[in-house]
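Coordinate analysis (summary)
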Amino acid sequence: MFGYIVMNKPEMKFKDFDVYRSFYCGLCRELREKYGIAGQMSLNYDMTFVILLLSGLYEPPVRKGTTRCIIHPVIKQPVRKNEITEYAADMNLLLTYYKCIDDWKDEKKHLRLAYAKLLEGSNKKTEAAYKEKTKKIVFYLDQLSEWEKAGEKDIDKMAGCFGRIMEEIFAFRQDNWEPTLRRMGFYLGKFIYLLDAYDDVEKDAENGNYNPFAEDYIMEGFEEQVRQILMMMLAEACREFEKLPIIKYADILRNILYSGVWCRFQAVSAKRREEQEKNHVRSI
């Protein structure tokens, strides 16, 4: 997970923001309680979206409370947790652990290896609890790594592989809603992968790392090309979302899906244009 599935705070109602933040804080506390500070460090916004989506669909009982933390040491913050918070914490740890292992294998990042070692004991328990899901996720992560090493140029193929990983995360239960959740997770996963590649393309090109956009980003019209691809992926994800009978948290989820997810793209795009303008001025 990369932290791209975020809210658009200026467009969100105060009461909805409070609910969103309480679930985010709930995930943070769950990671700390189950996996210690090392687990808490893996906290990200993508899994908060998963919690809100599945909580809105299945409406499990919610435990409410308050907590203090390093960021909010004085004023207690509201916290919401439920069974899906526990599931999301487990999936968050699983993905973080294997992403660290992948970074170590591909780029020999020592800090990532050290972090993986901290999570290793906890991850074994998670794997034992989700054997079949872990098997599928690890398979797709290995497939991604193999294709990256081979320099695979098929962007849709690469994004689809990560989409399969997100598909497994969204499939919380085997029920009537599983196919819709899987399709939604698949397309949202493709969106995340492509947006991450778009975000990192200059850095990856500079460092010699794999990026599916490596040959395209210097071409005219690259920004619009990526925008169109992302719009198609998100349109499919939103189409599946609208099939779900979600009332609770629906406004928050729509804020994220229809607005929030574009915040990072717009920020990266603006920064890139600024850099290009600076380089143009220097060349004159």
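Structure: see above.
Below you will find a few notes about this structure. (Residues numbered from 1 in each chain as written. Predicted model: local features only at pLDDT ≥ 70, side-chain atom pairs only at ≥ 80, totals over all residues. Heavy atoms only, no water.)

Notes on the overall build of the protein chain
A tally of helices and strands in the protein chain yields 10 helices and two strands. Over its C-alpha atoms the protein chain spans a radius of gyration of 19 Å, differing by no more than 12% from the 19 Å that the globule rule assigns to 284 residues. Projected onto the principal axes, the alpha-carbon positions of the protein chain cover approximately 60 × 45 × 40 Å. For the protein chain, buried positions account for 52% of its 284 residues. Long-range pairs, those at least 24 residues apart, make up 71% of the contacts in the protein chain between residues at least 6 apart in sequence. With an accessible surface of roughly 14700 Å², the protein chain has 53% of that area assigned to carbon and sulfur atoms. (Helix = DSSP H or I, 4+ residues; strand = E, 2+ residues; numbered from the N terminus. Rg over C-alpha atoms; globule rule 2.2 N^0.38 Å. Buried < 20%, exposed > 50% of the residue type's maximum accessible area, 1.4 Å probe, protein only. Contact = heavy atoms within 4.5 Å. Areas by Shrake-Rupley, 256 points an atom, 1.4 Å probe, with all protein chains shown as cover.)

Focus on the pattern of salt bridges
In this structure the tally under the stated criterion is 23 salt bridges. Residue Asp-156 is joined to Lys-190 by a salt bridge in which the shortest nitrogen-to-oxygen separation is 2.5 Å. Here Asp-156 is found in helix α6 (residues 155-170), whereas its partner Lys-190 is found in helix α7 (residues 178-207), with 34 residues between them in sequence. For Asp-156, a relative accessible area of 46% corresponds to the partly exposed category. Of the charged contacts in the structure, one is a salt bridge between Arg-239 and Glu-236, with a shortest N-O distance of 2.9 Å. Of this pair, Arg-239 and Glu-236 are both found in helix α8 (residues 222-241), three residues apart, which corresponds to roughly one turn of the helix. In this structure Arg-239 comes out as partly exposed when scored by relative accessible area, which is 45%. Sharing partners across several salt bridges, the network here consists of Lys-133, Lys-136, Arg-164, Glu-167, Glu-168, Glu-178 and Arg-182. (Salt bridge = Lys/Arg side-chain N within 4 Å of Asp/Glu carboxyl O.)

Some remarks on α7
Here α7 spans 40 Å end to end across 30 residues, near enough to the 44 Å set by a 1.5 Å rise per residue. A bend of about 60° at Asp-200 is the largest found in α7. For α7, the tally of buried residues reaches 22 of 30 residues, placing the bulk of the element in the interior. The first or second residue beyond α7 is Gly-208, which carries a positive phi of 75°. (Expected span 1.5 Å × (residues − 1). Bend = angle between axes of the 7 residues up to and from the residue.)

Topic: the nonpolar core
In terms of nonpolar packing, the biggest core is built from 87 residues, with Phe-49, Leu-53, Phe-170, Met-184, Phe-191 and Phe-213 touching the most fellow members. Of the residues forming this core, the biggest block, 12 residues, is contributed by helix α3 (residues 83-107). In this structure, Phe-170 is in contact with Phe-49, Val-50, Leu-53, Leu-54, Leu-181, Met-184, Gly-185 and Leu-188, ignoring residues within four places of it in sequence. (Core = buried A, V, L, I, M, F, W, Y, C linked by side-chain atoms within 4.5 Å.)

Notes on the packing of α6 against α7
For the pair α6 and α7, the least separation of the axes is 6 Å and the interaxial angle reads 130°. When the interaxial angle is binned, α6 and α7 end up oblique. Our pair here, α6 against α7, has a crossing hand that is right-handed. For the pair α6 and α7, the contacting residues are Ile-155, Asp-156, Met-158, Ala-159, Gly-160, Phe-162, Gly-163, Arg-164, Met-166, Glu-167, Glu-168 and Phe-170 in the first and Leu-181, Arg-182, Met-184, Gly-185, Phe-186, Leu-188, Gly-189, Lys-190, Ile-192, Tyr-193 and Leu-194 in the second. When grouped by side-chain class, the residues that make up the contact of α6 with α7 number 13 nonpolar, four polar and six charged. (Axes fitted to C-alpha atoms, helices over the stretch in contact; angles between N-to-C directions. Parallel < 35°, antiparallel > 145°, perpendicular 65-115°, else oblique. Left-handed = near helix turned anticlockwise from the far one by under 90°. Nonpolar A, V, L, I, M, F, W, Y, C, P; charged D, E, K, R; others polar.)

Let's talk about the side chain of Asp-216
Mapped onto the elements, Asp-216 comes out in the loop between α7 and α8. Buried charge without a salt bridge: Asp-216, with Lys-153 as the nearest opposite-charge side chain at an N-O distance of 9.3 Å. The contacts of Asp-216, once residues within four sequence positions are left out, are Ile-155, Phe-222 and Gln-225. (Lys, Arg positive; Asp, Glu negative; His and termini not counted.)

Nothing here speaks to function; it is all geometry.
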